[in-house]
Amino acid sequence: MTRILRGLVASLCLAASAAGAQPLSVHIEAGEQGQGILLQRMGSCYAVTPAHVLDGELFASVIAGLPGAPRGDADALMNFGYDLSILRVSGAVTRNCTE
């Protein structure tokens, strides 16, 4: 499973850079508050954020931009040992996911 998720991280980053896409910066609320970026891969929306933002939580809220902006929910897929987490995102905020 870890191998698959590491491949997912690599493919998300490569796909975004190859397509010239600018990932959307989002606000993430979980154990702590912080920022992340949204990326789309194979029809699903993912958020990449520092692991310390989750602070051990399994679920997070994702907000795109200012108050009143689209919101969504996320569940943690993987925390990496070097302060990196991948979240699967659902909800209205996924309209802003870049491929």
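See the structure above.
Residues numbered from 1 in each chain as written. Predicted model: local features only at pLDDT ≥ 70, side-chain atom pairs only at ≥ 80, totals over all residues. Heavy atoms only, no water.

1. Side note on the side chain of Ser85
Okay, so step 1: If you trace the backbone, Ser85 turns up in strand 6 (residues 84-91).
Okay, so step 2: Residues contacting Ser85, with those up to four places away along its chain left out, are Ala47, Val48, Thr49, Pro50, Ala51, Leu54, Met78 and Asn79. (Helix = DSSP H or I, 4+ residues; strand = E, 2+ residues; numbered from the N terminus. Contact = heavy atoms within 4.5 Å.)

2. Some points on the environment of Cys97
Okay, so step 1: Mapped onto the fold, Cys97 is located in the segment after strand 6.
Okay, so step 2: Separated by 54 residues in the primary sequence, Cys97 and Gly43 have C-alpha atoms spaced 9.6 Å apart.

3. A closer look at the pairing of strand 3 (residues 44-49)
Okay, so step 1: Buried residues dominate strand 3, accounting for five of its six residues.
Okay, so step 2: Where strand 2 (residues 33-41) and strand 3 come together, five bridges link them in antiparallel fashion. The residue of strand 3 that forms the bridge with Leu38 is Ala47.
Okay, so step 3: Linking strand 2 back to strand 3 in an antiparallel pair, the connection comprises two residues, with Met42 at a positive phi of about 55 degrees.
Okay, so step 4: In this structure, strand 3 lies alongside strand 6, joined through five bridges in antiparallel fashion. (Buried < 20%, exposed > 50% of the residue type's maximum accessible area, 1.4 Å probe, protein only. Pairing = 2+ DSSP bridges.)

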